[in-house]
Amino acid sequence: MYVNVNPLYVSIRDWAPDNQPREKLIKRGTGALSDAELLAILLNNGHKQKSAIALAQEVLQAARNNLNELGRLNIRQLKKLKGIGNAKAVTIIAAMELSRRRQAGSILEKKVICRGADAALFFKPLLSDYDHEAFYVVYLNHNCRVLHYRCISNGGMCSTIVDPKLIFKEALELSASRLLLCHNHPSGNLSPSFADIGLTRKLKEAGKLFDIEVMDHIIVSEAGYYSMVEEGTMV
């Protein structure tokens, strides 16, 4: 015989319909729901004597009640919470990634990137949550219309290895005339390292051999962005 060992616990399905997250969203829209209620819908159910909302609140507490921090949690960290297994952790990670791609997608709708600020708008949501460095390239035609973008390499906390041959091989295949470079600094420090500046100059010189312009190198973090062109380090 099942015995409810927690007399204060009431399953969400037994709540008044107007208070149930799904019904509330249908009737009143997403704006009527708290972060915990929205997350509870993704979690679908709770754990033993813990409702989905209570579990969602614990997840948010682990992220210091900050959605940006939630986006930085990985599967291992999420699974430390009792009631979060692979399925729930993967659902949260997938939702956070969709959010990032939606933000980044707004710049690709324009299809044209002419300056560092435009590139930063695209890359910041994609890269600012990474706990490791990643290096991306945007390939453009002579009118700065986006042809393609690609992650060239993933590295460690402080650096990543970039192979110029990969960058220009793809540029030639795409008949790209211009490139925008971007990588992130997980530390939050936006200042370029000597290695960053040296790599940029190396790629810029290599581009001249193929008549491909390296337009800018953008560094992003949660603090904002750094444009080598805007800051005068793109020499």
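In this text the structure is predicted, and so the values were computed from the model without any measurement.

It is worth spelling out the side chain of Thr233 at this point. Of note, Thr233 is situated in the segment after strand S5 (224-227). Polar contacts involving the side chain of Thr233 include one to the side chain of Tyr226, which spans 3.3 Å. Those residues within four positions of Thr233 in sequence are excluded, and the remaining contacts are Ile197, Arg201, Tyr226 and Met228.

A grouping of Leu25, Ile26 and Leu38 is seen on the molecular surface, where their side chains present a nonpolar patch of about 250 Å² in accessible area. Among the structural elements, Ile26 can be located in helix H1 (residues 21-28). Exposure remark for Ile26: the relative accessible area of 63% places this residue in the exposed category.

A few words on the sheet that holds strand S2 (residues 146-154). Taken together, the five strands give an open sheet; going across it, the order is S2-S1-S3-S4-S5, and neighbouring strands pair in mixed fashion. What marks the edges here is a single partner per strand, and that holds for S2 and S5. Neighbour-to-neighbour, the strand axes of the sheet open up by a mean angle of 20°, direction not taken into account. By the bridge criterion, seven bridges tie strand S1 (residues 134-140) to S2 in an arrangement that is antiparallel. Paired with Phe135 across the two strands is Ser153, which belongs to S2. This element, helix H8 (residues 164-174), spans S1, S2 and strand S3 (178-184) of the sheet and lies at about 25° to S1. With respect to the sheet, helix H9 (residues 194-209) is in contact with S1, S3 and strand S4 (213-221), its orientation differing from that of S4 by roughly 155°.

About the criteria used
Residues numbered from 1 in each chain as written. Predicted model: local features only at pLDDT ≥ 70, side-chain atom pairs only at ≥ 80, totals over all residues. Heavy atoms only, no water. Helix = DSSP H or I, 4+ residues; strand = E, 2+ residues; numbered from the N terminus. Polar contact = N/O pair within 3.5 Å; in protein donor to acceptor, adjacent residues only side chain to side chain. Contact = heavy atoms within 4.5 Å. Patch = residues over 30% accessible without salt bridge, like charges linked within 9 Å, V, L, I, M, F, W, Y side chains within 5 Å. Areas by Shrake-Rupley, 256 points an atom, 1.4 Å probe, with all protein chains shown as cover. Salt bridge = Lys/Arg side-chain N within 4 Å of Asp/Glu carboxyl O. Buried < 20%, exposed > 50% of the residue type's maximum accessible area, 1.4 Å probe, protein only. Pairing = 2+ DSSP bridges. Axes fitted to C-alpha atoms, helices over the stretch in contact; angles between N-to-C directions.

The values are spatial; any link to function lies outside them.
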